[in-house]
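# Survey of secondary and tertiary structure
Letter by letter, the chains look like this.
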Amino acid sequence: MSEKKCFTDSGIEIKKVYYTEPTTSQIEVPGEFPYTRGVQADMYRGKLWTMRQYAGFSTAEESNKRYHFLLSQGVMGLSVAFDLPTQIGYDSDHALAEGEVGKVGVAIDSIEDMELLFAGINLEQVSTSMTINATGFILLAFYVALAKRQGADLKKISGTIQNDILKEYAARGTYIYPPKPSMRIITDIFEWCAKEVPKWNTISISGYHIREAGSTAVQEIAFTLSNGKAYVDAALAKGLDINVFGKRLSFFFNAHNHLFEEVAKFRAARRMWANIMKELGATDEKAMMLRFHTQTGGATLTAQQPLNNICRVTIQTLSAVLGGTQSLHTNGYDEALSLPTEAAARVALRTQQIVAFESGATDTVDPLAGSFFIESLTDEIENKALALMAKIDAMGGSVNAIEAGFMQDEIAKSAYAYQRNIESGEKIIVGVNKFQVTETNTIPGFKIDDAIREVQSEKLKALRNKRNNQIVADILQRIETTAKTSENLMPIVVEAVESYCTLGEISDALRRVFGEYK
């Protein structure tokens, strides 16, 4: 009888038993280059990761209530989800927004919505992450304008905009402009933030959505770090200092169910990025550190036996913590059915708190280091990811690889193979293809009222009636003019939102210059 073979989800064969071999990280120290063992010498003994809960739905007022609830429950940072029209640059009253307003996130059309979203929340005292890409520069402008209205010191406000357009072309699809003008907007943000909001993370280079689209763990870090290199190259070409903007780059990874592969993936990614940045010319230690936010795997949640998802999220939380994350969002157990209810959001947050305060996982730095299995897996993931990155480099980098459809094809092949394995029973998903039960769903769903579009449209009508529309027209014309030059776009966009230009109007002004990506 042939011996059973086991593989990780990336297809790496797992040996029956591992023995000691000299490994790179046996001589590595936490907090020192290449940071395999963590970016801080004392990791969670000194400071826990930021516990975030991703939330946003309906109107700004409704989302604001959820933020106050989460802050009262011990959340340390807010993480904002935006609806699809906001993500792709349409106001709520646009014909293409119909049926989508407030559905997968909050609808933000103007500075007034931003004020309602953060009512009663001091922007100097919270760290805010905004999952927004194509319109990230406009949402940042709203946030900065609101901070100014609050009298906040812009040098103290902290947070992140995702602002990672390359993965939109490769995996997610909420892009507006073609790649080259999109990259120009991103480097404008890097340059402007370094001067105006130095504590702001100007990009969260995201592997999360690449993994959600069906990639393996190896592809997730290979494609994400390749995209990171492309952003660094674009910033260097603009003449920016790698030691300045490099400190404000952050990453966003997925945590899946294979505990050991995920821990090894996070460790390998840190080591790889440190070496990449060193090769690109970084000399400041902080510019070489890969700091990352993690979200537990949305695609791993099942609508069948949804309470099983609490266990899945716990395993994924452990992988992120054992892997050294700086920030974490845990999914609600009901998210395969609807937006998370308050009860599910509370359980998700309590999962983080139990791991932090009861599990012992935070008591020592990099607790799985030295495990023959983890060290071997870290090395193997790094080698496979570097081989994949070499293919992308040979194509001329991420932008070319995406335009040629290489990343999209690789992700599609992996997603297909994974689904085949589930359907054949080779990959067991508890409650889905094994251990099923007859179910009657008793979990209350969270539904969004379609009337929200009318509410937002009325707000927009009132805004346009009371603002100075001549000033608005002049500013929108200046945005078009600026877009045709190499001048930084951010100052004029901040001026535009302060003068009550809407998100859709600013997006359209740039559509007229840059066109749309098809």
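The following refers to the structure shown. Fair warning: this is a prediction, and the values are worked out from it, not measured in the lab. (Residues numbered from 1 in each chain as written. Predicted model: local features only at pLDDT ≥ 70, side-chain atom pairs only at ≥ 80, totals over all residues. Heavy atoms only, no water.)

### Quick look at the pairing of strand E8 (residues 203-206)
Side chains of E8 alternate between two faces, with Ile203 and Ile205 and Ser204 and Ser206 buried alike. By the bridge criterion, four bridges tie E8 to strand E9 (residues 249-255) in an arrangement that is parallel. Bridging across to E9, Ser206 finds its partner in Phe252. (Buried < 20%, exposed > 50% of the residue type's maximum accessible area, 1.4 Å probe, protein only. Helix = DSSP H or I, 4+ residues; strand = E, 2+ residues; numbered from the N terminus. Pairing = 2+ DSSP bridges.)

### Some words on the pattern of salt bridges
All told, the structure shown has 33 salt bridges when counted by the stated rule. As a salt-bridge pair, Arg267 and Glu375 come within 3.3 Å of each other at their nearest N and O atoms. Taken together, the residues Arg267 in helix H10 (residues 259-279) and Glu375 in helix H14 (residues 372-394) connect sequence positions 108 residues apart. Classification of Arg267 by relative accessible area gives buried; the value is 0%. In this structure, a network of salt bridges that share partners links the residues Asp91, Asp93, Arg464, Arg467 and Glu505. (Salt bridge = Lys/Arg side-chain N within 4 Å of Asp/Glu carboxyl O.)

### Quick word on the sheet that holds E8
Across the sheet, which stays open at both edges, the nine strands sit in the order E7-E6-E5-E4-E3-E11-E10-E9-E8 with parallel pairing between neighbours. At either end of the open sheet lies a strand with only one pairing partner, and these are strand E7 (200-201) and E8. Direction of pairing for strand E6 (residues 158-161) relative to E7: parallel, over a ladder of two bridges. Within E7, the residue paired with Thr160 across the bridge is Asn201. Most of the contacts of H10 go to E9, to which it runs at about 160°, and overall it touches E9 and strand E10 (292-296). (Contact = heavy atoms within 4.5 Å. Axes fitted to C-alpha atoms, helices over the stretch in contact; angles between N-to-C directions.)

### Considering the side chain of Gln456
Examined against the element boundaries, Gln456 turns out to sit in helix H17 (residues 452-466). A relative accessible area of 0% means that Gln456 is categorised as buried. Residue contacts for Gln456: discarding those within four places in its chain leaves Thr59, Ser92, Val101, Ala107, Asp109 and Asp113.

### A few points about unusual backbone geometry
Cis geometry marks the peptide bond from Phe33 to Pro34, where omega comes out at 5°. Despite not being glycine, Asn163 shows a phi value in the positive range, around 55°. Secondary-structure assignment places Asn163 in the loop between E6 and helix H5 (166-172). By relative accessible area, which is 2% here, Asn163 ends up buried. Non-glycine residue Phe435 carries a positive phi angle of around 60°. Looking at the secondary structure, you find Phe435 in the loop between helix H16 (406-424) and H17.

### Some remarks on the pairing of strand E4 (residues 77-81)
With five of five residues buried, E4 lies mostly within the body of the structure. In E4, alternate side chains face the same way, and those of Gly77, Ser79 and Ala81 on one face and Leu78 and Val80 on the other are all buried. Sheet analysis places strand E3 (residues 50-55) next to E4, joined by four bridges and oriented parallel. Within E4, the residue paired with Arg52 across the bridge is Gly77. Handedness of the β-α-β unit built from E3, helix H1 (residues 60-72) and E4 comes out right-handed. (Right-handed = clockwise from strand over helix to strand, strands pointing away.)

### Digging into H1
Side chains of residues three or four places apart in an α-helix project in the same direction, reflecting 3.6 residues per turn. Across its 13 residues, H1 extends 18 Å between first and last C-alpha, which sits within 8% of the 18 Å expected from 1.5 Å per residue. Looking only at H1, the buried set comprises Ala60, Ser63, Asn64, Arg66, Tyr67, Phe69 and Leu70. Buried residues in H1 make contact with E3, E4, helix H3 (111-117) and helix H13 (342-358). Positioned one or two residues after H1, Gly74 has a phi angle of 110°, which is positive. (Expected span 1.5 Å × (residues − 1).)

### Description of the packing of aromatic side chains
Given two aromatic rings, their pairing is described by the distance between the two centres and the angle made by the two planes. For the coordinates displayed, the defined rule picks out 19 aromatic pairs. Note on Phe33 and Tyr35: the rings are 6.2 Å apart at their centroids and 80° apart in plane angle, and the pair reads as edge-to-face. Classification of Phe33 by relative accessible area gives partly exposed; the value is 31%. Plain terms: the ring middles of Tyr175 and Tyr517 are 5.1 Å apart, the flat faces sit at 85° to each other, and that makes the pair edge-to-face. Here Tyr517 lies in the segment after helix H20 (503-514) and Tyr175 lies in the loop between H5 and helix H6 (179-196), a separation of 342 residues in the sequence. Looking at Tyr517, the relative accessible area reads 25%, which means it is partly exposed. These aromatic residues form a ring-pair network of at least three members: Phe251, Phe253, Phe266, Trp273 and Phe292. Taking the ring centre of Phe33 as reference, the NZ or CZ of Lys278 above it sits at 4.4 Å. (Phe/Tyr/Trp six-rings, centres within 6.5 Å; stacked < 30°, edge-to-face > 60°. Lys NZ or Arg CZ within 6 Å of the ring centre and 35° of its normal.)

### Considerations on a nonpolar patch on the surface
A cluster of nonpolar side chains, namely Ile428, Val430 and Phe435, defines an oily patch on the protein surface of about 270 Å² accessible area. Taking the relative accessible area as the measure of exposure, Phe435 reaches 51% and is therefore exposed. (Patch = residues over 30% accessible without salt bridge, like charges linked within 9 Å, V, L, I, M, F, W, Y side chains within 5 Å. Areas by Shrake-Rupley, 256 points an atom, 1.4 Å probe, with all protein chains shown as cover.)

### Focus on the nonpolar core
Residues Met114, Phe118, Met130 and Ile506 are the most contacted members of the largest nonpolar core, which totals 138 residues. The element best represented in this core is helix H4 (residues 136-150), accounting for eleven residues. Discounting residues that sit within four places of it in the chain, Met130 has contacts with Val80, Phe82, Met114, Leu139, Leu140, Tyr143, Thr160, Ile161, Gln162 and Trp200. (Core = buried A, V, L, I, M, F, W, Y, C linked by side-chain atoms within 4.5 Å.)

### Description of the environment of Tyr143
One can find Tyr143 in helix H4. For the pair Tyr143 and Leu301, spaced 158 residues apart in the sequence, the C-alpha separation amounts to 32 Å. Those residues within four positions of Tyr143 in sequence are excluded, and the remaining contacts are Met114, Phe118, Leu123, Val126, Thr128, Met130, Ile157, Ser158 and Trp200.

In short, the description is geometric, and any link to function would need to be established separately.
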